[in-house]
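# Commentary on secondary and tertiary structure
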Amino acid sequence: MTKQVVTFHYTLTDSKGDVIDSSRQGEPLAFLEGSGQIIPGLETALSKMEIGKEQKVQIPSKDAYGDYDKSLVFNVPKSDLPSQGVKLGDMFEVAEGANQRVVVVTAIKENEVTLDANHPMAGKDLSFSVEIVSRRNATPEELAHGHAHGEGGHHHH
Ligand code: ZN
């Protein structure tokens, strides 16, 4: 069977019901099935849903952004940072081999800062309200690229 491109609206809430993120004010999000564009738990839930029915989905952290990993928290000398005026909560990218990782500053000492490379949602159980807007067969180009194109998908410039 040809892989599908699924377009959906979502509202993400935390355990208290406060909205963290939502697509409702803009375009729905599109993803190519099986390409890892969205978290696994959400893809599994969407694969069983019909178009146009809004549904609540609970996703445990292991099927979302994974467990919180203490080994991704590390200290670096302040002099290694791109900017000397860092503040708590500042985010920047660090090179890790060929990859870039986003880290957040979680502690600052006189000569040392603590950086946390965990995803901000790591270790959190997530609550989504989702509604599928459309489903269609992926184009050969999308299959070759490994992501959805068009509305809500990847735009090449
Ligand atoms: Zn592409």
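This text goes with the structure placed above it.
Note that the coordinates shown come from a computational prediction; the quantities given were computed from them, not determined experimentally. (Residues numbered from 1 in each chain as written. Predicted model: local features only at pLDDT ≥ 70, side-chain atom pairs only at ≥ 80, totals over all residues. Heavy atoms only, no water.)

## Quick word on the coordination of the zinc ion
Distances from the zinc ion to its protein donors, namely H145 (ND1), H147 (NE2), H149 (NE2) and H156 (NE2), fall within the range 1.9 to 2.1 Å. Bound by four donor atoms, the zinc ion shows angles of 101 to 122 degrees at the metal and therefore tetrahedral coordination geometry. (Donors = N, O, S within 2.8 Å, 3.2 Å for Na, K, Ca; no water. Tetrahedral: all angles 85-135°; square planar, octahedral: opposite > 155°, others 65-115°.)

## Looking at the environment of S129
Tracing the backbone shows S129 in strand β9 (residues 126-137). Classification of S129 as buried rests on a relative accessible area of 11%. Spatially, the C-alpha atom of S129 lies 14 Å from that of I51, the residues being 78 residues apart in sequence. Once residues within four sequence positions are removed from consideration, S129 is found in contact with H9, Y10, T11, E54, Q55 and K56. Only 2.7 Å separates the side chain of S129 from the side chain of E54, close enough to count as a polar contact. (Helix = DSSP H or I, 4+ residues; strand = E, 2+ residues; numbered from the N terminus. Buried < 20%, exposed > 50% of the residue type's maximum accessible area, 1.4 Å probe, protein only. Contact = heavy atoms within 4.5 Å. Polar contact = N/O pair within 3.5 Å; in protein donor to acceptor, adjacent residues only side chain to side chain.)

## Examining the side chain of T114
On the secondary structure map, T114 appears in strand β8 (residues 112-116). At a separation of 2.7 Å, a polar atom in the side chain of T114 contacts the side chain of N75. Beyond its immediate stretch of four places on either side in the chain, T114 contacts V73, F74, N75, V104, V105, T106 and A107.

## Here's the deal with the packing of aromatic side chains
Counted according to the given criterion, the structure contains three aromatic pairs. Measuring from centroid to centroid gives 5.7 Å for F8 and F31, while their planes differ by 85 degrees, and the two rings are edge-to-face. In this pair, F8 sits in strand β1 (residues 4-13) while F31 sits in strand β3 (residues 29-32), placing the two residues 23 residues apart along the sequence. Taken individually, F8 and F31 each receive the classification buried, so the pair is uniform in this respect. Of the aromatic side chains, those joined through ring pairs into one cluster are F8, Y10, F31 and F128. (Phe/Tyr/Trp six-rings, centres within 6.5 Å; stacked < 30°, edge-to-face > 60°.)

## A closer look at the sheet that holds strand β7 (residues 99-108)
Spatially, β5-β8-β7-β6 is the arrangement adopted by the four strands of the open sheet, whose pairing is antiparallel. Each having just a single partner strand, β5 (73-77) and β6 (91-96) make up the two edges of the open sheet. On average, each strand axis in the sheet is tilted by 45 degrees relative to the strand beside it, whichever way the strands run. Bridging between β5 and β8 involves five bridges; their strand directions are antiparallel. In the sheet register, F74 faces β8, and the bridge partner there is L115. (Pairing = 2+ DSSP bridges. Axes fitted to C-alpha atoms, helices over the stretch in contact; angles between N-to-C directions.)

## With respect to the pattern of salt bridges
One pass over the full model with this rule turns up six salt bridges. In this structure, the salt-bridge partner of K62 is D63, at a minimum N-O distance of 3.3 Å. Assessed through its relative accessible area of 62%, K62 is described here as exposed. For D63, a relative accessible area of 28% gives the class partly exposed. (Salt bridge = Lys/Arg side-chain N within 4 Å of Asp/Glu carboxyl O.)

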